[in-house]
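Chain and residue survey
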Amino acid sequence: MNGITNPLKNVDQAFIYIIGFSLVLLMFITALMIVFVFKYRRSKHPEPSDIRGNWLLETAWTIIPTVIALSMFYIGWSAYIGLRDVPPGAIEIDVFAQQFSWIVVYPNDKEIENEIVVPQGKPVKINLTSEDVLHSLFIPAFRVKVDAVKGLTSYVWFYPDKKGEYMFHCTEYCGIAHSEMNGVLRVIPENDYEQWLEEEE
Ligand SMILES: [Cu+2]
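Residues numbered from 1 in each chain as written. Predicted model: local features only at pLDDT ≥ 70, side-chain atom pairs only at ≥ 80, totals over all residues.

1. A word on the overall build of the protein chain
Per the secondary structure count, the protein chain includes three helices and ten strands. Start at the N end of the protein chain and walk to the C end: the helices and strands fall as α-α-β-β-β-β-β-β-β-β-β-β-α. In terms of overall size, the protein chain is more extended than a compact globule, its C-alpha atoms giving a radius of gyration of 25 Å where 201 residues would be expected to give roughly 17 Å. Each of the three principal axes of the protein chain carries a C-alpha extent, and together these read 85 × 45 × 30 Å. Counting all 201 residues of the protein chain, 17% fall into the buried class. (Helix = DSSP H or I, 4+ residues; strand = E, 2+ residues; numbered from the N terminus. Rg over C-alpha atoms; globule rule 2.2 N^0.38 Å. Buried ≥ 20, exposed ≤ 12 C-beta atoms within 10 Å, placed from the backbone.)

2. Topic: helix 2 (residues 55–84)
Between its terminal C-alpha atoms helix 2 stretches 43 Å, which fits the 44 Å expected from 30 residues at 1.5 Å a residue. Burial within helix 2 is sparse, with just three of its 30 residues counted as buried. For helix 2, the set of buried residues is Ala79, Gly82 and Leu83. Here the buried face of helix 2 lies against helix 1 (7–39) and strand 7 (144–148). (Expected span 1.5 Å × (residues − 1). Contact = placed C-beta atoms within 7 Å.)

3. Concerning the pairing of strand 2 (residues 101–105)
Taking every second residue as pointing to the same face, the buried face of strand 2 carries Trp102 and Val104, while none of Ser101, Ile103 and Val105 on the other face is buried. Relative to strand 2, strand 1 (residues 91–98) runs antiparallel, the two sharing five bridges. Residue pairing across strands places Val95 opposite Val104, the latter belonging to strand 2. The loop that links strand 1 with its antiparallel partner strand 2 comprises two residues. Of the strand pairs in this sheet, strand 2 and strand 3 (residues 111–113) are connected by three bridges, and their pairing is antiparallel. Following the sheet pairing, Val105 is matched in strand 3 by Glu111. Between strand 2 and strand 3, which follow one another and run antiparallel, lie five residues, and Asp109 among them has a positive phi close to 75°. (Pairing = 2+ DSSP bridges.)

4. With respect to the sheet that holds strand 3
Across the sheet, which stays open at both edges, the five strands sit in the order 3-2-1-5-8 with mixed pairing between neighbours. Because the sheet does not close on itself, it has two edges, and the strands there are strand 3 and strand 8 (154–158). This sheet shows a mean twist of 25° between the axes of neighbouring strands, independent of strand direction. Relative to strand 8, strand 5 (residues 124–130) runs antiparallel, the two being bridged by five bridges. In the strand pairing of strand 8, Leu128 is matched with Ser154. (Axes fitted to C-alpha atoms, helices over the stretch in contact; angles between N-to-C directions.)

5. Describing the sheet that holds strand 7
Taken in spatial order, the five strands make up an open sheet running 4-10-9-6-7, and their pairing is mixed. Because the sheet does not close on itself, it has two edges, and the strands there are strand 4 (115–119) and strand 7. Taken over all neighbouring pairs, the strand axes of this sheet differ in orientation by 20° on average, direction set aside. Where strand 4 and strand 10 (residues 182–188) come together, five bridges link them in parallel fashion. By the bridge assignment for strand 10, Pro119 is matched with Ile188. Together, strand 4 and strand 10 form the strand contacts of helix 3 (residues 190–198), whose direction differs from that of strand 4 by roughly 130°.

6. Brief notes about the nonpolar core
Val95, Ala97, Leu128, Leu137 and Phe158 are the most contacted members of the largest nonpolar core, which has 23 residues in total. Elements with a contribution of two residues or more to this core: strand 1, strand 2, strand 4, strand 5, strand 6 (135–139), strand 8, strand 9 (164–170) and strand 10. (Core = buried A, V, L, I, M, F, W, Y, C linked by C-beta atoms within 7 Å.)

7. What about the domain arrangement of the protein chain?
In many reports, interface size means the accessible area that the parts give up when they come together. Once the domains are mapped, the protein chain shows domain 1 (7–84) and domain 2 (91–198). A separation of 39 Å is found between the C-alpha centroids of domain 1 and domain 2. (Domains from an automatic or database assignment.)

8. Some details on the packing of helix 1 against helix 2
Two elements in contact, helix 1 and helix 2, have axes whose closest approach is 8 Å; the angle formed by their N-to-C orientations is 160°. Classified by the angle between their axes, helix 1 and helix 2 sit roughly antiparallel to one another. Relative to helix 2, helix 1 is oriented so that their crossing is left-handed. Residue-level inspection shows Pro7, Asn10, Val11, Gln13, Ala14, Tyr17, Ile18 and Phe21 of helix 1 in contact with helix 2, the latter providing Ile68, Met72, Ile75, Gly76, Ser78, Ala79, Gly82 and Leu83. (Parallel < 35°, antiparallel > 145°, perpendicular 65-115°, else oblique. Left-handed = near helix turned anticlockwise from the far one by under 90°.)

Here it is in structure tokens:
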């Protein structure tokens, strides 16, 4: 993969890690609660016992959740950094969001609408801005999403390592035809891309 780490993998790992821990904690706490409800019910234990000042217990329930929370932060933060650090040599494409379509402009001024074509195996950086209201570019297959704001250029980058067609959407409610503001991202072999780029639409 030419030394490029696909941020998609890190995002997925962070997601699975957080969901996994949440599920384990949910099951553990629920099970413990059910056990305690039966074990320490009033008919069995009319006098509650006072267990204040258990140094070991208090240290454990402070340190273990802190470590878990910090590890979630760390894994999420590393994935985020991967999404923001554009590798050198990325192809830059300008995308203009407008009510209600996406205008995509290539370095040679080729312009298309609601379609992004990229070569397979090259990092792609999209510079995004809006011509009018707030929009947001969401490419679920590559786990990227960024707001388009008039007067501001934001960016996303992704690594299309597999050929195929993927949908992208506007994910910021921008007006009456917001739901129709979709497009197709096509990942094609590099030779086809060079050829496509020179073609007149
Ligand atoms: Cu929109």
